[in-house]
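What the coordinates show
If you want the building blocks of each chain, they are given just below.
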Amino acid sequence: MNFGMILIWLAFICGWGATFYSINYYTASNHRAKMRRNKLEMLCAACITLSSFILIIELLSVNASYEYVFNHSSTDLSWFYRISAFWAGQEGSLLLWTWATLVMLLLLRYTGHTKELTETRMMDITRIVSMTVVSVFLILLVIDNPFSAYRILPTGTIEATNWNPFAVLYDVPYGQGMNPLLRNPWMAVHPPVLFLGYAAFTIPFAAAIGNLITKDSRWTLVARDWMRIAWLFLTLGIGLGGFWAYEVLGWGAWYWTWDPVETSSLIPWITATAYLHAQTRTKYGEYGFLAPLLAVASFILVIFATFVTRSGIWASVHSWQDFTTEGLVIAIFLIILTGSSVFLLAKRYLEDEDDKKGTGTD
């Protein structure tokens, strides 16, 4: 039995269930929905955590019956690179991103000064938005399951199944191993650091959406520290990627070559830096519109960078050169994300302008 695949499916069900009950609690103040939301969030995080451990174990043991293990692990790799194979491909990196976002959401609930805001409407919206983002990632994991496994069909042919967790696995005796370009210490640490930064962008974005809907100025208490964490990890990720490129890709004395994917990760770093400067003035009543705009734009640009990497629309040493169903889902998510954010930002801008006119009239 393919327990990893079952766990991904359970996480998918729990993630969307938590999102549904979060919306139900926000709209109807149904306390039973609140309890179910909390339990489903925890269960979703547990499933993703356990599935991550299982994938690491399979990569270490080189159980090549799994398609992902076959493509990224092999017996000639050291244990260090077998573990780093976890984020060497699309499926594993998405699993890491999803896990990190869930852990950060739990930390938001149970640690720090933000615990005091748990029962606020703004925090309810923050959790709804965060779980919606997680649920979209879970769709991607179901479509492109890291536990897709090889099986023998009645005709005698071998194929990878992405949907049947009860299929008898075909014993593949070896794995083809990691791309030689990725067998570098800098590359082993660059992706996880980058993905931790990407995951941390979710919280400031969700809090900014909460502010746009509720006008609760306390959203900066939520967004402030998480944007700092996101900026720190993204800075480290970009820097480590530069060292990898310098050693492996032969770019001479340059650590940066304006590769499309590199540039797409730099742009949210710029908007995040601008936000960190703007937030220092929000307590004085300044940048009431610009600060949430920058927080929202930073996350949208992160999703755009993800789309660029996974769609293959631009030639890059970082990207997978094909446009799959996964790329289509990310594109649809990006369009919905951008459209809804622009609507909320425009609504807030017009409301602020009306308030200014009203104040001037008085």
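Residues numbered from 1 in each chain as written. Predicted model: local features only at pLDDT ≥ 70, side-chain atom pairs only at ≥ 80, totals over all residues. Heavy atoms only, no water.

A tally of helices and strands in the chain yields 12 helices and 2 strands. The N-to-C order of helical and strand elements in the chain reads α-α-α-α-α-α-β-β-α-α-α-α-α-α. The C-alpha radius of gyration computed for the chain amounts to 22 Å, which stays within 12% of the reference 21 Å derived for 362 residues, consistent with globular compactness. Along the first, second and third principal axes, the C-alpha set of the chain runs to 80 × 55 × 35 Å. For the chain, the residues scored as buried account for 54% of the 362 residues in total. Summarising the internal contacts of the chain: among those between residues at least 6 apart in sequence, 72% fall at separations of at least 24. For the chain, the accessible area works out to roughly 16,400 Å², and carbon and sulfur atoms hold 67% of it. (Helix = DSSP H or I, 4+ residues; strand = E, 2+ residues; numbered from the N terminus. Rg over C-alpha atoms; globule rule 2.2 N^0.38 Å. Buried < 20%, exposed > 50% of the residue type's maximum accessible area, 1.4 Å probe, protein only. Contact = heavy atoms within 4.5 Å. Areas by Shrake-Rupley, 256 points an atom, 1.4 Å probe, with all protein chains shown as cover.)

Ranked by internal contacts, the top residues of the largest apolar core, which has 100 residues, are Trp-219, Tyr-275 and Ile-303. Examining the composition of this core, we find that 14 residues originate from one element, helix 6 (residues 121-143), more than from any other. In this structure Trp-219 touches Met-122, Pro-204, Ala-207, Ala-208, Asn-211, Tyr-275, Ala-291, Pro-292 and Ala-295, once residues within four positions along its chain are discounted. (Core = buried A, V, L, I, M, F, W, Y, C linked by side-chain atoms within 4.5 Å.)

The next thing to look at is a nonpolar patch on the surface. Taken together, the side chains of Leu-60, Trp-79, Phe-80 and Val-189 present a nonpolar region at the surface, about 370 Å² in accessible area. By secondary structure assignment, the location of Val-189 is in helix 7 (residues 185-200). (Patch = residues over 30% accessible without salt bridge, like charges linked within 9 Å, V, L, I, M, F, W, Y side chains within 5 Å. Salt bridge = Lys/Arg side-chain N within 4 Å of Asp/Glu carboxyl O.)

Moving on to the packing of helix 5 (residues 90-110) against helix 6. How two helices sit against one another is set out by the angle between their axes and by the gap between those axes. The contact between helix 5 and helix 6 brings their axes to 10 Å, and the two run at 165°. Between helix 5 and helix 6, the angle falls in the class roughly antiparallel. The interaxial crossing formed by helix 5 with helix 6 has left-handed handedness. Residues Glu-91, Leu-94, Leu-95, Trp-97, Thr-98, Thr-101, Leu-102, Leu-105, Leu-108 and Arg-109 of helix 5 touch helix 6, and the partners they reach there are Met-123, Thr-126, Arg-127, Ser-130, Met-131, Val-134, Phe-137, Leu-138, Leu-140 and Leu-141. In terms of residue class, the contact of helix 5 with helix 6 is made up of 13 nonpolar, 4 polar and 3 charged. (Axes fitted to C-alpha atoms, helices over the stretch in contact; angles between N-to-C directions. Parallel < 35°, antiparallel > 145°, perpendicular 65-115°, else oblique. Left-handed = near helix turned anticlockwise from the far one by under 90°. Nonpolar A, V, L, I, M, F, W, Y, C, P; charged D, E, K, R; others polar.)

When the terminal C-alpha atoms of helix 1 (residues 3-28) are compared, their 36 Å separation across 26 residues agrees well with the 38 Å that a helix rising 1.5 Å per residue should span. Where helix 1 ends, the next residue or the one after it, Ser-29, has phi of about 50°, a positive value. (Expected span 1.5 Å × (residues − 1).)

This part takes up the pairing of strand 1 (residues 149-152). Direction of pairing for strand 1 relative to strand 2 (residues 158-161): antiparallel, over a ladder of 4 bridges. Directly across from Ile-152, in strand 2, lies its bridge partner Ile-158. (Pairing = 2+ DSSP bridges.)

So, on to the pattern of salt bridges. Under the counting rule described, the total for this entry stands at 12 salt bridges. A salt bridge links Glu-119 to Lys-34; its shortest N-O distance comes to 3.0 Å. Placement of the pair is Glu-119 in the loop between helix 5 and helix 6 and Lys-34 in helix 2 (residues 31-61), with a sequence separation of 85 residues. Residue class for Lys-34 comes out buried when judged on its relative accessible area of 18%. Within this structure, Glu-41, Arg-109 and Arg-127 form a network of salt bridges that share partners.

What follows deals with the environment of Phe-233. Secondary-structure assignment places Phe-233 in helix 9 (residues 219-249). Residue Phe-233 is classed as partly exposed on the basis of its relative accessible area, which comes to 25%. Residues Phe-233 and Gly-17, spaced 216 residues apart in sequence, show a C-alpha to C-alpha distance of 30 Å.

Position of Gly-92 relative to the elements: it lies in helix 5. Setting aside residues no more than four positions away along its own chain, Gly-92 makes contact with Tyr-68, Phe-86 and Trp-87.

So, on to the packing of helix 1 against helix 6. Between helix 1 and helix 6, the shortest axis-to-axis distance is 9 Å and the interhelical angle comes to 155°. Of the possible angle classes, the one that applies to helix 1 and helix 6 is roughly antiparallel. Here the hand of the crossing between helix 1 and helix 6 comes out left-handed. Facing Ile-8, Trp-9, Ala-11, Phe-12, Gly-15, Trp-16, Ala-18, Thr-19, Ser-22, Ile-23, Tyr-25 and Tyr-26 of helix 1, the residues of helix 6 in contact are Arg-121, Asp-124, Ile-125, Ile-128, Met-131, Thr-132, Ser-135, Val-136, Leu-138, Ile-139, Leu-141 and Val-142.

The subject of this paragraph is unusual backbone geometry. Although it is not a glycine, Ser-29 adopts a positive phi angle of roughly 50°. Within the fold, Ser-29 resides in the loop between helix 1 and helix 2. Backbone geometry places Val-62, a non-glycine residue, at a positive phi of 55°. Mapped onto the secondary structure, Val-62 falls in the loop between helix 2 and helix 3 (67-72).

By themselves, these observations are geometric and do not establish any function.
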